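Single-letter residue listing:
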Amino acid sequence: SIVLSSSLGRPSDLPTATMQFRAIAAALLGAALFGSANAAKLRARAAQEPDTSCGKGFDNLVKGSQDYYRTAAVELFTHPSHTMDNATFEGEFECWFAS
């Protein structure tokens, strides 16, 4: 007769270890699927329009202040990885500068 042996100890431990592995894998898979479904529900409920009212105050600043801001925004973002950050966050920065 052939005896299966493993690093787990007795030959009879092999089926138990396999069943435990399958149970753990199924639990992890179920948790991942449940978590991703909940995340999708949260994203669907969180949809909202951005607040664009704040940046309108920037247009009321005198031209010299607007020019100063534009020069500073370009000069502050000179790192190669961040050259477009001033354009990405332009509305937020204008809002902050105008307040």
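If you're wondering where the values come from, they're calculated on a predicted model, not measured in any experiment. (Residues numbered from 1 in each chain as written. Predicted model: local features only at pLDDT ≥ 70, side-chain atom pairs only at ≥ 80, totals over all residues. Heavy atoms only, no water.)

Another aspect to go through is the overall build of the chain. Check the secondary structure of the chain and you find four helices and zero strands. Of the regular secondary structure in the chain, the N- to C-terminal order runs α-α-α-α. A separation threshold of at least 6 residues defines the contact pool for the chain, and within that pool the share at least 24 residues apart is 41%. When the accessible surface of the chain is summed, it comes to about 8300 Å², and 63% of that surface belongs to carbon and sulfur atoms. (Helix = DSSP H or I, 4+ residues; strand = E, 2+ residues; numbered from the N terminus. Contact = heavy atoms within 4.5 Å. Areas by Shrake-Rupley, 256 points an atom, 1.4 Å probe, with all protein chains shown as cover.)

Turning next to the pattern of salt bridges. Across all of its chains, the model carries three salt bridges by this definition. Of the charged contacts in the structure, one is a salt bridge between K63 and D67, with a shortest N-O distance of 3.0 Å. Separated by four residues within a single helix, K63 and D67 lie in helix α2 (residues 63-76), roughly one turn from each other. K63 gets classed as exposed once you look at its relative accessible area, which sits at 59%. On the accessibility criterion, D67 (39% relative accessible area) is partly exposed. Put simply, R70 and E94 hold a salt bridge, and the shortest N to O gap is 3.0 Å. Note that R70 is positioned in helix α2 and E94 in helix α4 (residues 90-98), a separation of 24 residues in sequence. Because the salt bridges share partners, they merge into one network encompassing R70, E90 and E94. (Salt bridge = Lys/Arg side-chain N within 4 Å of Asp/Glu carboxyl O. Buried < 20%, exposed > 50% of the residue type's maximum accessible area, 1.4 Å probe, protein only.)

Of note, G91 is situated in helix α4. Among the residues examined, G91 registers a relative accessible area of 41% and is labelled partly exposed. Measuring from C-alpha to C-alpha, the distance between G91 and C54 comes to 8.1 Å, with 37 residues separating the pair along the chain.

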